[in-house]
Amino acid sequence: MTGPGIRRTLSALALAVATGAAALLAAPAAQAATIPLTSVVPAPVTAAPTAGVTYTLGSATTVYTEPGSTAAADIGAYLAGILRPSTGYALPVAPAPTGSPSGIALLLTGAPASVGAQGYQLDVTSTAVTVRANQPAGLFAGVQTLRQLLPAAVEATTVQAGPWQVGGAHVVDYPRFGYRGAMLDVARHFFPPAAVRRYVDQLALYKINYLHLHLSDDQGWRIAINSWPNLAVYGGGTAVGGDPGGYYTQADYTALVAYAASRYITVVPEIDMPGHTNAALASYAQLNCNGVAPARYTGTNVGFSSLCVPLALTYTFIDQVVGELAALTPGPYLHIGGDEASSTSATDYTTFIDRVQQIVAAHGKTVLGWHDVVHATPQPSRIAQFWGTGTSDAAVAAAAANGTKVIMSPANRAYLDMKYKNSTRLGQKWAGLIDVDKAYDWNPGAYLSGVGESSVLGVEAPLWTETIRTTADIDYMAFPRLPALAELGWSPYSTHNLTAFKTRLGAQGPRWRVMGIGYYQSTQVSWPAGS
Ligand code: ACM
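Figured I'd write up the structure that's included with this text.

What counts, and at which threshold
Residues numbered from 1 in each chain as written. Predicted model: local features only at pLDDT ≥ 70, side-chain atom pairs only at ≥ 80, totals over all residues. Heavy atoms only, no water. Disulfide = S-S within 2.5 Å. Helix = DSSP H or I, 4+ residues; strand = E, 2+ residues; numbered from the N terminus. Buried < 20%, exposed > 50% of the residue type's maximum accessible area, 1.4 Å probe, protein only. Expected span 1.5 Å × (residues − 1). Contact = heavy atoms within 4.5 Å. 1 Å grid on protein atoms, 1.4 Å probe; cavity = no way out; pocket = protein on both sides within 12 Å on 5 of 7 lines; lining within 4 Å. Points joined across faces, edges and corners; volume = space filled by probe spheres on them. Nonpolar A, V, L, I, M, F, W, Y, C, P; charged D, E, K, R; others polar. Pairing = 2+ DSSP bridges. Axes fitted to C-alpha atoms, helices over the stretch in contact; angles between N-to-C directions. Right-handed = clockwise from strand over helix to strand, strands pointing away.

### Focus on the state of the cysteines
- Summed over all chains, the structure comprises 1 disulfide.
- Between the sulfur atoms of Cys289 and its disulfide mate Cys308 the distance is 1.9 Å. Taking the sign of the torsion about the S-S bond as the criterion, the disulfide between Cys289 and Cys308, at about 100 degrees, is right-handed. Here the residue Cys289 occupies a position in the loop between helix H8 (278–283) and helix H9 (312–327), and Cys308 occupies one in the loop between H8 and H9, the gap between them amounting to 19 residues.
- A relative accessible area of 59% means that Cys289 is categorised as exposed.

### Looking at helix H10 (residues 346–362)
- Here H10 spans 24 Å end to end across 17 residues, near enough to the 24 Å set by a 1.5 Å rise per residue.
- Taken together, the buried positions of H10 are Tyr349, Phe352, Ile353, Asp354, Val356, Gln357, Ile359 and Val360.
- Where H10 is buried, its residues contact strand E12 (266–273), H9, strand E13 (333–337) and strand E14 (366–370).
- Among the residues trailing H10, Gly364 stands out with phi positive, at a value near 80 degrees.

### As for empty space enclosed by the protein
- For the structure on display, the rule yields 1 cavity of 30 Å³ or more.
- The space that makes up the largest cavity amounts to roughly 40 Å³.
- Lining the largest cavity are Arg176, Tyr440, Glu487, Leu488, Ser491, Pro492, Tyr493, Thr495 and His496.
- A per-class count over the lining of the largest cavity returns 4 nonpolar, 3 polar and 2 charged.

### Notes on the pairing of E12
- The element E12 is extensively covered by neighbouring structure, given that 7 of its 8 residues are classed as buried.
- Note that strand E9 (residues 210–214) and E12 share 5 bridges and pair parallel. Across the sheet, residue Tyr210 finds its bridge partner in E12, namely Thr266.
- As defined by bridge partners, E12 adjoins E13 across 2 bridges and the pair is classed as parallel. What sits directly across from Glu270, in E13, is His335.

### Brief notes about the layout of surface pockets
- Its volume calculated, the largest pocket comes out at about 340 Å³.
- Ile82, Arg147, Glu155, Asp201 and Met515 are, among the 15 residues lining the largest pocket, the residues nearest its centre.
- Breaking the lining of the largest pocket down by element, the ones donating at least two residues are helix H3 (70–87) and helix H5 (193–205).
- With 4 residues, the single largest contributor to the lining of the largest pocket is H3.
- For the lining of the largest pocket, a count of residues per class yields 7 nonpolar, 3 polar and 5 charged.

### Overview of the sheet that holds strand E8 (residues 179–185)
- Read around the closed barrel, 8 strands run E8-E9-E12-E13-E14-E15-E16-E17, paired in parallel fashion. Adjacent strand axes in the sheet meet at a mean angle of 30 degrees when their direction is disregarded.
- This element, H5, spans E8, E9 and strand E17 (456–463) of the sheet and lies at about 150 degrees to E9.

### Focus: H9
- Here H9 spans 23 Å end to end across 16 residues, near enough to the 22 Å set by a 1.5 Å rise per residue.
- Within the span of H9, buried status applies to Thr314, Tyr315, Phe317, Ile318, Val321, Val322, Gly323, Glu324, Leu325 and Ala326.

### Some thoughts on the pairing of E9
- Among the 5 residues that make up E9, 5 are buried, leaving the element largely enclosed by the rest of the structure.
- Burial of E9 is two-sided: the residues Tyr210, His212 and His214 facing one way and the residues Leu211 and Leu213 facing the other way are all buried.
- Sheet topology note: the E8/E9 ladder contains 5 bridges and is parallel. The residue of E9 that forms the bridge with Leu184 is Leu213.
- The parallel pair E8 and E9 is bridged by H5, and the resulting crossover is right-handed.

See the structure below:
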């Protein structure tokens, strides 16, 4: 507590003594210590506190937004929607008046050019919190920083005691990489739309801007395809371990894509092929080289299934699936998997991936594939997602030298389904154990030999769900590692410091407790009590 805060408390008490207990209840709340800028995850590019200055959110606060911008008004409504339940304040959202309004202002003017399309400037004075950005995505990012600077209790869904104070600050912030992703495997276990929305909301808090949905695998097909209805209805009926299956109708999926977009997150759909296709092969006998549909599969082996490469119908099938999926996908990318095709010969693999790349391009989408696809013919703008466990891969380096951009998801660093330690109840360990230090302490722009910063599109944290069945399981595996990967994708490497990061991470714990996120209490981090 600061000196002035103590004085304010003492004078409030003196007033209470003079006028009775009712006055004590009505007295202004004591000034609490504000959350330091060094607690924000991902670490901002520059963040300077203004000593002695505090902004207090009050019952009369208005959230002002850029006049004439629906996107800014929507972001204002989103922010007010988070703040109203806990503060109990009305927090009206209104177009900003000219001049410098007091209150909260989300403006699309006056941001430095250096913050680009995704960055923002945040200024906190005693009368106003002003976020300025060049694009709505930047305002949204700035709002996430503001959330983290308010007390953790602001995330509660019921009215909490304030005060709701933010320390004076000047922040200029923008991302290192344009692609900051998380992948959710909804194939091994199906996660209904509400579970995905919950994850989307968690991703948004850490400025992640892509959600990759692994929509098909041996154990289940999760998206309705009108021209091949059995895929979802039959192929979607199973999950690992005999757990219930499920699938998204196209209306469900469209709503999910729109929900993610409202959080400035672009969905990347993946149909994994030619391997990882037992659910499709089980759904249609005619897709099999021998014309016989295999049984549906609920185990966890990989590498045993393959689409039939010589069969003409295979490409009709893919064209129709990709066509429907592309039509449901406003984002630029369509992920074709391509990993672990151990039942496809090397020649067939190249033939297959070459054709599929063309199909995806014909439907107007950019091909994204697991890095195995670099063994097929390079295609302009194709993106490879590195998931290896080493730090060198000659084929990926050669592709990068020829212009292929790489998304970094090294399995021994970025895979959220790896166990934290041997005794972790959930997860796998084929890529090793991953605690906070392992997840955080690497440099995506200088990790893979021959794949330098300029070849890296970004970072993605995949969560495979062979052992993950519930939202509580997702919480436990994603937190605290997801914020580590988010920081690697956003923050300049000059801010990289494991010790400082662990302190920042610990500061998130109270927020997660208020949000009901059941995180893993890594012993590498000191988790402060309370909220
Ligand atoms: C993968 O983990 N098979 C991409």
